[in-house]
Amino acid sequence: MQNTIITINRHSKTLSALIMKTLVLILFIISIGNYVAAQETILNGFQTELKRANTFYNDHYYDKALDLFISTHKLDPRDDIKLKIADCYLKLNQSEEASFWYEKLIENNFNLSSKDILKYVIALTGKSDYQKAQIWYEKYKELQSDSISTNISPNKKVLADLLSDSILYDVREAEINSIYSDFSPFFYEQGIAFISARQTSLFIQNNVSQSENGYLDLYYAPFEDISTKDGIPVLEKVKTVKGCFNSQVHKGPAITYNNGNSMLITLNSPNDDSNKDRKLYLYSTQKKGKKWTAPSPLPFNNTEYSCGHPAISSDGKTLYFISDMPGGFGGTDIYASTFNKNKWSKPENLGPKINTEGNEMFPFIHNDTTLYFSSNGHIGLGGLDIVKIALNDSSASIKNIGYPINTNKDDFSLVLNENGSIGFFSSNRKNKSSDDDIYKVLINVGKPGPLYVKNITGTIKLYKSQYQQENAELLENAEVKVIDFETSDPIAEGKTDTEGNFNIDIPIAGKFYLMCYKKGAGTYQTVFNIPEKTTFKDNFSIVFFKEDLFQTEE
């Protein structure tokens, strides 16, 4: 009996031990799970903070980004975060702190890019460490064997050259835009006329509010006066164009000719049961007093297809318009018809050089030599782009007129004054494609270079010290660079002449570093701003001191 009892006790002890081990194992697994969950929570929090930091950084909120980068660096002291911290301090003009973090990267043997080295040089110069700045600028130059025109690609300078923003054009929103869709401007009397208050534009479907009576109407906005503000006309209060038009149809794109006494206008078919699929038709009307007469249809209108968007030569004898008639190359093509023996000829398609599988719309003839129109079938920036082609050159090809007139939205219905210096066009760039607005543009024509000149000049001198500012040496062949403040991309560069002078044109507006350097003389940098849409000229008087450069580091 005792043996049995002993055996049972031994089994009990073994079972108890097994249970204890199992409990310990379960608790261990639970603790590991909690630890992993905690680590995942920390990791998720880290990634969220880092994402927020990068968002603030990309939006140029460097103070907020800096705080978040520092907190994430405490969790994970990675070098890429150190680099962002250094850059934030530099953007906040805190050169001492920026240099400290760049030096941490150097201690870690982090592979700084040429752009990062240039930022470090800017930071060193900002805290007056000219000797070290010269050493690192030489390292920067070793990585930059070519000039900025060939070495940096792509950069802001290249983009500026490609896009021509603030170089050839000055685009501004017109004063006459409303909460409705406003589009298709054309010169009319002493101002412009345009179409407004639509639910769906002709050939462009948009969901916006209708006009008061539910139909598109023709409006007129006179120029404020004969003179212009900043070269661009200012438009006064909008008026309705009076005429014997059917109030139950949309008034579409139009054009006047014959000294403003004749008009071609797009009207849609009445909305009756016999014609539910409403087509667009072209009509002519004549001015009688201050009103337009009842419109007469052009002979090639057809209930099976649409015709609209008229443009006409200066003599009124060649009409260009769009149509989706059978036999075209795409959705809507551009056609031409001539007025001969008191009648319009059979329309002719302008062919595959102009028309594509996409839509060609809103033609405009400038000085009888250049056809402007909008297309989504030719290479462009997106949506409808405004393109042009010379009409009197059989070898001419389509050319996109570029940004900022064209964007990745729909840009269309450009009209120009006689010398091409002032224009108006339509775009839905502002309201995320929900409706159209009218824009006015000032264009640099007849003069080489940008519309608004941006130029800096200066002189660089070298003195022995701050206390001996006499017998200055005029620094020849000193390097001068203009560097974008946000991206640190070099934008423009030059060198001083024999008199220590430099003269540099800058292609774009913005905030910049001006950096000057000559081996054996030193480095210098300052920050300056160039406002948009204005001519800018500034002169800099720059001084180097030998004793500042060659002083012994403590």
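Here the focus is the overall build of the chain. The helix and strand inventory of the chain stands at 9 helices and 30 strands. Per-residue burial over the chain gives 46% buried out of 554 residues. When the accessible surface of the chain is summed, it comes to about 28,600 Å², and 50% of that surface belongs to carbon and sulfur atoms.

All right, on to the pattern of salt bridges then. Enumeration over the complete set of coordinates arrives at 17 salt bridges. A salt bridge links lysine 91 to aspartate 87, with the shortest nitrogen-to-oxygen separation between them at 2.9 Å. Taken together, the positions of lysine 91 and aspartate 87, both in helix H3 (residues 79-91) and 4 residues apart, correspond to about one turn of that helix. The exposure class assigned to lysine 91 is buried, which follows from its relative accessible area of 5%. Note on aspartate 87: relative accessible area 2%, which makes it buried. The partner of glutamate 189 in a salt bridge is lysine 287, with the nearest N and O atoms 2.3 Å apart.

We now examine the side chain of aspartate 410. Among the structural elements, aspartate 410 can be located in the loop between strand E19 (399-400) and strand E20 (411-416). Looking at aspartate 410, the relative accessible area reads 17%, which means it is buried. Looking at aspartate 410, its side chain comes within polar contact range of the main-chain nitrogen of leucine 384, at 2.9 Å.

On to the packing of helix H5 (residues 114-126) against helix H6 (residues 130-143), then. Contact geometry of H5 with H6 gives a least axis separation of 9 Å together with a crossing angle of 165°. Here H6 runs roughly antiparallel to H5, going by the angle between their axes. Viewed along their axes, H5 and H6 form a crossing whose handedness is left-handed. Between H5 and H6, the residues in contact are Ser114, Ile117, Leu118, Tyr120, Val121, Leu124 and Thr125 and Tyr130, Lys132, Ala133, Trp136, Tyr137, Tyr140 and Leu143, respectively.

As a further point, take the sheet that holds strand E3 (residues 191-196). Adjacent strands of a sheet form backbone hydrogen bonds with each other and so pair up, either parallel or antiparallel. Sheet architecture is open: 4 strands sit in the order E2-E3-E4-E5, paired in antiparallel fashion. Either end of the sheet is taken by a strand with one partner, and the two such strands are strand E2 (182-188) and strand E5 (239-240). In this structure, E3 lies alongside strand E4 (residues 217-222), joined through 6 bridges in antiparallel fashion. Looking at the pairing, isoleucine 192 lines up with alanine 221 of E4.

The next subject is the environment of proline 185. Among the structural elements, proline 185 can be located in strand E2. The exposure class assigned to proline 185 is buried, which follows from its relative accessible area of 3%. Sequence separation between proline 185 and leucine 218 is 33 residues; the distance between their C-alpha atoms is 9.9 Å.

About the thresholds
Residues numbered from 1 in each chain as written. Predicted model: local features only at pLDDT ≥ 70, side-chain atom pairs only at ≥ 80, totals over all residues. Heavy atoms only, no water. Helix = DSSP H or I, 4+ residues; strand = E, 2+ residues; numbered from the N terminus. Buried < 20%, exposed > 50% of the residue type's maximum accessible area, 1.4 Å probe, protein only. Areas by Shrake-Rupley, 256 points an atom, 1.4 Å probe, with all protein chains shown as cover. Salt bridge = Lys/Arg side-chain N within 4 Å of Asp/Glu carboxyl O. Polar contact = N/O pair within 3.5 Å; in protein donor to acceptor, adjacent residues only side chain to side chain. Axes fitted to C-alpha atoms, helices over the stretch in contact; angles between N-to-C directions. Parallel < 35°, antiparallel > 145°, perpendicular 65-115°, else oblique. Left-handed = near helix turned anticlockwise from the far one by under 90°. Contact = heavy atoms within 4.5 Å. Pairing = 2+ DSSP bridges.

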